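Listed below, chain by chain, are the residues.
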Amino acid sequence: MSHFDRNPFIVIWEVTRACALRCLHCRAEAQYHRDPRELTTEEGKSLIRSLREMDSPILVFTGGDPLMREDLFDLAAYAKEQGLHVSLTPSATPRVKPHVMRRAKEVGLNRWAFSLDGSTAEIHDWFRGTPGSYDRTIRAIEYLRELEMPLQINTTVSKYNLEDLPKLAELMESMGVVLWSVFFLVPTGRGRNGDMISPEEHEQVFHWLADLSDRVSFDIKTTAAPPYRRVLAQRGTVPQGKGHLRAPHGVNDGNGFAFVSHIGEVFPSGFLPVSCGNVREQSLEEIYREHPLFQSLRDPDQLKGKCGMCKYRFICGGSRARAYALTRDPLASDPTCTYQPAVEKAAEMEG
């Protein structure tokens, strides 16, 4: 049984797909204009209220660019009134102004998350498809620090910034971030197979992050990288979060995690785009707890191939989103994991 059979640890709500940027890996394939089918303010508040029945998971407003919604801070204030921890992941566009960041602090936002995919403007702006994005992000971060707003930085690891990761880590330290959330690219939306790093490079980055976490002041979290937990277990390391809203157990697609789209569709994650229902027709509680796909994703014994025979399947389970993206089967083995459980088992038997 999963620790998250009843309730997710985190719910991501894609409040809009509108965004001024053209990021090469965009999961949402964001557009410049809002979709008239978006959940309304009242529908959004109903969704927020429903989270109280699910043990009040962390709520993250994402997009697109959530700042494209005029009612965003009304929704955030309402979520805070309901007792939720609320985070925001806006795009670094001209909409990010000092008065907007002050408003976020006034409503009690728990954390502001920006994306930074390179230590230089050349790398980041190319990745984000918008000249000036890097400079705008840095200016906004400096103002957030003045406001003493807890800052999270999201970085998507791809073949375009792999060699830049050490410099990015140095930048995290200098910025005083509370959390560096390291995403490993999943080829969905605008992301392509050729944008990903190799399986061997995944493994190398996992070990590098494990070493790094021992000597930096900020917390490190990975996304779309369950094998990182396997690496930590192999090293005899117990993940020690630094106290910033971290899950007590490993979260995976559909297992402690739920994603609600701009039109109310519910997915196991934003990177695993298989719709399991719509909050306009069913409660999020019912979909998360009862839909067969969600239930399967929370049962490690239903995994196939080497993931199904792996002794680490209960703490890792492989990226279900990446398995789906590359094989169209969300229960297949994670194709980017280098670990071979059959080889290790044979070695143990010989020993």
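All figures in this text were calculated on a predicted structure; none of them were measured in a lab.

## Considerations on the overall build of the protein
- Secondary structure assignment for the protein yields 13 helices and nine strands.
- Its C-alpha atoms give the protein a radius of gyration of 19 Å, near enough to 20 Å, the size a compact globule of 351 residues would have.
- Judged by the C-alpha coordinates and their principal axes, the protein covers about 65 × 45 × 35 Å.
- When burial is assessed residue by residue, the protein has 58% of its 351 residues classed as buried.
- Counted over contacts in the protein with a minimum sequence separation of 6, partners at least 24 positions apart contribute 71%.
- Just so you have it, the protein exposes about 15100 Å², and 49% of that area is on carbon and sulfur atoms.
- The average position of the 43 basic charges and that of the 46 acidic charges among the side chains of the protein differ by 1 Å.

## Looking at the pattern of salt bridges
- A full pass over the atoms with the stated rule returns 14 salt bridges.
- Of the charged contacts, one joins Arg17 and Glu14 as a salt bridge, the two residues approaching to 3.1 Å between their closest N and O atoms.
- Across the pair Asp301 and Arg313 runs a salt bridge whose closest N-O atoms are separated by 3.3 Å. Placement of Asp301 in the loop between α10 (292–297) and α11 (305–309) and of Arg313 in the loop between α11 and α12 (320–327) is noted, with a sequence separation of 12 residues between them.
- Taking the relative accessible area as the measure of exposure, Asp301 reaches 53% and is therefore exposed.
- Each of Arg34, Glu38, Arg69, Glu70 and Asp71 takes part in a single network of salt bridges with overlapping partners.

## Considering the packing of helix α5 (residues 133–147) against helix α6 (residues 165–175)
- Here α5 crosses α6 at 30°, and the two axes come no closer than 11 Å. The angle between α5 and α6 places the two elements in the roughly parallel class. On the side of α5, the interface is formed by Tyr134, Ile138, Ile141 and Arg145, while α6 contributes Leu171, Ser174 and Met175.
- Each residue belonging to the contact of α5 with α6 can be placed in one class, and the counts come to five nonpolar, one polar and one charged.

## Points about helix α1 (residues 41–51)
- When we look at burial in α1, the residues that qualify are Gly44, Lys45, Leu47, Ile48, Ser50 and Leu51.
- Contacts made by the buried residues of α1 are with β1 (10–14), β2 (58–62), α2 (72–81), β8 (257–260) and α9 (284–290).

## Focus: the pairing of strand β6 (residues 179–184)
- β6 sits mainly inside the fold: six of its six residues count as buried.
- Going residue by residue along β6, you find Leu179, Ser181 and Phe183 tucked away on one face and Trp180, Val182 and Phe184 tucked away on the opposite face as well.
- The sheet contact formed by strand β5 (residues 151–157) and β6 spans six bridges and is parallel. By the bridge assignment, Ile153 is partnered in β6 with Trp180.
- For the crossover from β5 across α6 to β6, the handedness is right-handed.
- Across five bridges, β6 lies against strand β7 (residues 219–223) in parallel orientation. Residue pairing for β7: Val182 is matched across the bridge by Thr222.
- Note on the crossover from β6 through helix α7 (residues 199–213) to β7: the handedness is right-handed.

What counts, and where the lines are drawn
Residues numbered from 1 in each chain as written. Predicted model: local features only at pLDDT ≥ 70, side-chain atom pairs only at ≥ 80, totals over all residues. Heavy atoms only, no water. Helix = DSSP H or I, 4+ residues; strand = E, 2+ residues; numbered from the N terminus. Rg over C-alpha atoms; globule rule 2.2 N^0.38 Å. Buried < 20%, exposed > 50% of the residue type's maximum accessible area, 1.4 Å probe, protein only. Contact = heavy atoms within 4.5 Å. Areas by Shrake-Rupley, 256 points an atom, 1.4 Å probe, with all protein chains shown as cover. Lys, Arg positive; Asp, Glu negative; His and termini not counted. Charge placed at Lys NZ, Arg CZ, Asp CG, Glu CD. Salt bridge = Lys/Arg side-chain N within 4 Å of Asp/Glu carboxyl O. Axes fitted to C-alpha atoms, helices over the stretch in contact; angles between N-to-C directions. Parallel < 35°, antiparallel > 145°, perpendicular 65-115°, else oblique. Nonpolar A, V, L, I, M, F, W, Y, C, P; charged D, E, K, R; others polar. Pairing = 2+ DSSP bridges. Right-handed = clockwise from strand over helix to strand, strands pointing away.

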